[in-house]
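Per-entry structural report
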Amino acid sequence: MATVTLKGNEIHTSGTLPEVGKPAPEFALVAEDLSSKGLADFKGQKLVLNVFPSIDTGTCAQSVRTFNEKASGMDNTKVLCISRDTPFAMTRFCGAEGLEHVINLSDMRDWNFGKAYGLDFTDGPLQGLLSRAVIVIDENGVVTHAQQVPEIVDEPDYNAALAAL
């Protein structure tokens, strides 16, 4: 279990992030077309997993905008924006913002991503949502960077994540 804060108040997650240097856990997430996407669907590509509670909050929306801008031009790299929002909500947001360089995925069906990556909030006002984190996975499926943002309203360290690519 990890502890993060929401405006200074402690909240807890179901586990800890995958360890740097270890294989990334498999997952099954829901894509915009309601199909299932897993780690195997991105085999051979570098991945930035931008995980957040909800696209409908300012910090979460900003992380999607920032990763869309910063990582969109990088070779062999995909940015996966992951939350428990419906794929429709994430698609609507990205369409309205003109964001075309991120892939929206939802953990809405069976919550296996949150469990596998230790990111389920287990208590507090955000219980049932995912903690803010950034995980970078290399083209061999190995975790090269993992940051769980300690204060949920703060943005992740974009530069550290991009340097891990």
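Going by the structure above, here's the rest.
Residues numbered from 1 in each chain as written. Predicted model: local features only at pLDDT ≥ 70, side-chain atom pairs only at ≥ 80, totals over all residues. Heavy atoms only, no water.

**Brief notes about a nonpolar patch on the surface**
Let me state the cut-off plainly: Grouping into patches uses exposed residues only, defined as over 30% relative accessible area, and leaves out salt-bridged ones; the cut-off is 9 Å for like charges and 5 Å for nonpolar side chains (Val, Leu, Ile, Met, Phe, Trp, Tyr). Note that accessible areas follow from Shrake-Rupley with a 1.4 Å probe, and for residues the cover is restricted to the protein chains shown. A side-chain nitrogen of Lys or Arg and a carboxyl oxygen of Asp or Glu constitute a salt bridge if their distance falls within 4 Å. A run of H or I in DSSP counts as a helix once it spans at least four residues, and a run of E counts as a strand once it spans at least two, with each numbered from the N terminus. Accessibility here uses a 1.4 Å probe with only protein chains present; expressed as a share of the type maximum, an area under 20% marks a residue as buried, one over 50% as exposed, and anything in between as partly exposed.
A cluster of nonpolar side chains, Leu34, Phe88 and Met108, forms an exposed patch at the surface whose accessible area comes to about 270 Å². Relative to the elements of secondary structure, Met108 occurs in the loop between β7 (103-106) and α3 (112-116). With a relative accessible area of 32%, Met108 lands in the partly exposed category.

**Here's the deal with unusual backbone geometry**
Residue Asn76 is not a glycine yet carries a positive backbone phi of 50°. In this fold, Asn76 is placed in the loop between α1 (58-71) and β6 (77-83).

**Regarding the environment of Thr3**
Quick reminder of the rule: Residue contacts are counted whenever heavy atoms from the two residues lie within 4.5 Å of one another.
Within the secondary structure layout, Thr3 lies in strand β1 (residues 3-6). Spatially, the C-alpha atom of Thr3 lies 25 Å from that of Arg109, the residues being 106 residues apart in sequence. Ignoring anything within four residues of it in the chain, the contact list for Thr3 reads Glu10, Ile11 and His12.

**Focus on the environment of Glu155**
The condition that has to hold: The term polar contact refers here to a pair of N or O atoms within 3.5 Å; inside protein, the definition further demands a hydrogen-donor-capable atom paired with an acceptor-capable atom, and it admits residues adjacent in sequence only when both atoms are side-chain atoms.
Structurally, the position occupied by Glu155 is in the loop between β9 (143-148) and α4 (158-163). On the basis of relative accessibility, which here comes to 39%, the residue Glu155 falls in the partly exposed class. Along the backbone, Glu155 and Thr66 are 89 residues apart, and their C-alpha atoms lie at a distance of 9.9 Å. Discounting chain neighbours no more than four positions away, the residues touching Glu155 are Thr59, Gln62, Thr66 and Val149. Side chain to side chain, Glu155 and Tyr158 meet in a polar contact 2.5 Å long.

**Observations regarding the pairing of β6**
Under the convention used in this document: A pair of strands is treated as paired once DSSP finds two or more bridges between them.
Of all the seven residues making up β6, six are buried; the element is thus mostly covered by neighbouring parts of the structure. Alignment of strand β5 (residues 46-51) against β6, held across six bridges, turns out to be parallel. Residue pairing for β6: Val51 is matched across the bridge by Ile82.

**Focus: the packing of aromatic side chains**
How we decide: Think of it this way: a Phe, Tyr or Trp ring, Trp meaning its six-membered ring, pairs with another when their centres are within 6.5 Å, and the plane angle makes it stacked under 30 degrees, edge-to-face over 60, tilted otherwise. Here, over-ring charges are defined by two tests on the NZ atom of lysine or the CZ atom of arginine: distance to the ring centre within 6 Å, and angle to the ring normal within 35 degrees.
Throughout the structure, instances matching the rule amount to four aromatic pairs. For the pair Phe113 and Tyr117, a centre-to-centre distance of 4.4 Å together with 20° between the ring planes defines the contact as stacked. For the residue pair Phe113 and Tyr117, the accessibility class agrees, reading buried in each case. A cation sits over an aromatic face here: Arg84 above Trp111, 3.7 Å from the ring centre.

**Re the environment of Val143**
Mapped onto the fold, Val143 is located in strand β9. For the pair Val143 and Pro25, spaced 118 residues apart in sequence, the C-alpha to C-alpha distance is 9.2 Å.

**Quick word on the state of the cysteines**
Put simply, the rule is: The rule for a disulfide is simple: a pair of cysteine sulfur atoms within 2.5 Å.
A complete count under the given rule lists zero disulfides for this structure. Among the cysteines around Cys60, which has no disulfide bond, Cys81 carries the closest sulfur, lying 10 Å off. Look at Cys60 and you get buried, because its relative accessible area is 0%.

**Regarding α1**
As a reminder of what qualifies: In a helix, the anticipated span is given by 1.5 Å times the number of residues less one.
In this model α1 runs 20 Å from its N-terminal to its C-terminal C-alpha over 14 residues, within 8% of the 20 Å that 1.5 Å per residue would give. Listed in full, the buried residues belonging to α1 are Thr59, Cys60, Ala61, Ser63, Val64, Thr66, Phe67, Asn68 and Ala71.

**Observations regarding the pattern of salt bridges**
Pairing between side chains of opposite charge can happen when the charged atoms of each approach one another. By the definition in use, this model includes three salt bridges. For Asp56, the salt bridge identified is with Arg92, shortest N-O distance 4.0 Å. With Asp56 in the loop between β5 and α1 and Arg92 in helix α2 (residues 87-97), this pair connects stretches of sequence that are 36 residues apart. Like Arg92, Asp56 is exposed. A salt bridge links Asp120 to Arg84; the nearest nitrogen and oxygen atoms lie 2.3 Å apart. Taken together, the positions of Asp120 in the loop between α3 and β8 (133-137) and Arg84 in the loop between β6 and α2 put the pair 36 residues apart, joining distant regions of the chain. Exposure class is identical for Asp120 and Arg84. Each is buried. What you see here is one network of salt bridges that share partners, running through Arg84, Asp107 and Asp120.

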